[in-house]
Amino acid sequence: MDTASRTDVAAPERWWPSPFGEHDEHGMLNHITDATRAAALQSVRDGRVFDLGRVLDERVPVFPGRAFHQTLVTTAHHANMGGVGENTVNWISEVISGTTQLGTHLDALSHLQIGDRGYNGLRVSDIATPGGVRALGIETVPQIITRGYLVDVSAAHLGPGDVISTDAVAALDPRPGDAVLFHTGWGRHWDDAPTYLGGEPGPGLELAAWLVAHGVALTGCDTWSYGPVPAEHPTRPFEVPQTLNAKHGVFVVENLDTSSLAAAGVTEFALVLTFPKLRGATGAWCSPIALV
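Residues numbered from 1 in each chain as written. Predicted model: local features only at pLDDT ≥ 70, side-chain atom pairs only at ≥ 80, totals over all residues. Heavy atoms only, no water.

Engineer: Just checking my understanding: could you explain the packing of aromatic side chains for this structure?
Structural biologist: Any two aromatic rings considered together are summarised by their centre-to-centre distance and by the angle between their planes. The final tally for this structure, using the stated rule, is six aromatic pairs. Residues Phe68 and Trp285 carry aromatic rings whose centres are separated by 5.5 Å and whose planes lie at 75° to one another, so their mutual orientation is edge-to-face. Of this pair, Phe68 sits in strand 2 (residues 68-73) while Trp285 is found in strand 14 (residues 283-285), placing the two residues 217 residues apart along the sequence. Ring geometry for Trp190 versus Tyr196: centroids 5.3 Å apart, planes at 80°, classification edge-to-face. On the basis of relative accessible area, Tyr196 is assigned to the buried category, the value being 0%. Within the aromatic cluster, the residues linked to one another by ring pairs are Phe63, Trp224 and Phe238. (Phe/Tyr/Trp six-rings, centres within 6.5 Å; stacked < 30°, edge-to-face > 60°. Helix = DSSP H or I, 4+ residues; strand = E, 2+ residues; numbered from the N terminus. Buried < 20%, exposed > 50% of the residue type's maximum accessible area, 1.4 Å probe, protein only.)

Engineer: Would you mind going over a nonpolar patch on the surface with me for this structure?
Structural biologist: Taken together, the side chains of Val84, Val89 and Trp91 present a nonpolar region at the surface, about 250 Å² in accessible area. On the secondary structure map, Trp91 appears in the loop between helix 3 (75-79) and strand 3 (93-98). Using a relative accessible area of 43% as the deciding quantity, one classes Trp91 as partly exposed. (Patch = residues over 30% accessible without salt bridge, like charges linked within 9 Å, V, L, I, M, F, W, Y side chains within 5 Å. Areas by Shrake-Rupley, 256 points an atom, 1.4 Å probe, with all protein chains shown as cover. Salt bridge = Lys/Arg side-chain N within 4 Å of Asp/Glu carboxyl O.)

Engineer: Please clarify how empty space enclosed by the protein should be interpreted in this entry.
Structural biologist: In this approach the atoms are scanned with a rolling probe the size of a water molecule, which exposes any empty space left behind. According to the stated counting rule, one finds two cavities of 30 Å³ or more in the structure shown. In this structure, the largest cavity encloses a volume near 80 Å³. The wall of the largest cavity is formed by 13 residues, among which Pro228, Ala231, Glu232, Glu239 and Val240 lie closest to the centre. Sorting elements by how many residues they give to the lining of the largest cavity places helix 7 (residues 239-247) first, with three residues. Taken as a whole, the second largest cavity holds about 60 Å³ of empty space. Surrounding the second largest cavity, Pro61, Val62, Phe63, Arg66, Gln101, Leu102, His105, Trp224, Glu254 and Asn255 form its lining. Taken together, the residues of the lining of the second largest cavity break down into five nonpolar, three polar and two charged. (1 Å grid on protein atoms, 1.4 Å probe; cavity = no way out; pocket = protein on both sides within 12 Å on 5 of 7 lines; lining within 4 Å. Points joined across faces, edges and corners; volume = space filled by probe spheres on them. Nonpolar A, V, L, I, M, F, W, Y, C, P; charged D, E, K, R; others polar.)

Structure follows, in structure tokens:
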């Protein structure tokens, strides 16, 4: 096959401009308004808080090529010779290096592409710089408060490559801007990195289309990616998050800890997801909370 033929085969259909405008960077989060945020918070009755984030350290399971390092900076403490001033004030701090694409994190719409184009048809060559992306960075994403649903499919004892279908959400009727999270039970392997990273269950392409059709703004699982691994179609890896992120502007959060929420039988809640505004980053560490 010659180069021209390969290009023709690989060329994706055009999915841009976004229905929210050719310069949009917020995707499905455009559906969240002051009114929907207020409604989500008004649904809180007991004031219970469920932390959906994992502890981040150097031992977390990571996708190959990613790493997290933290080092205490004690030079000031030593230089202060016991403390500064009559009150002998002292301090220590740390230096952190690593990718934002590990631990519990939110993917920006710059994270995944189809070929060389991402959300709204933006080309990697046009937005990528050595210091980060000049569009679709995590700093462009609004902080998130919305109504959330938890879909618990752990009773099915799903394994690597198992697909969550639309049957799992038959009872749901989310409104545009809502979040739908999935408790697969795979998070029980968090402390066993080879097993945790060896594959995962997840929503399939049919369910992804359902989320898009309902205007869901954010989705996530207790897994290291999103969607089944191995993929439904073995030669099309990570097609589910790719479709949601690049084509439709649905935000994805990974490595959630949904175990306590599922154990409490909670299915609906107010989701609060905030994150550091790292200019040009393709994602951000976060610790979402569910308020009930």
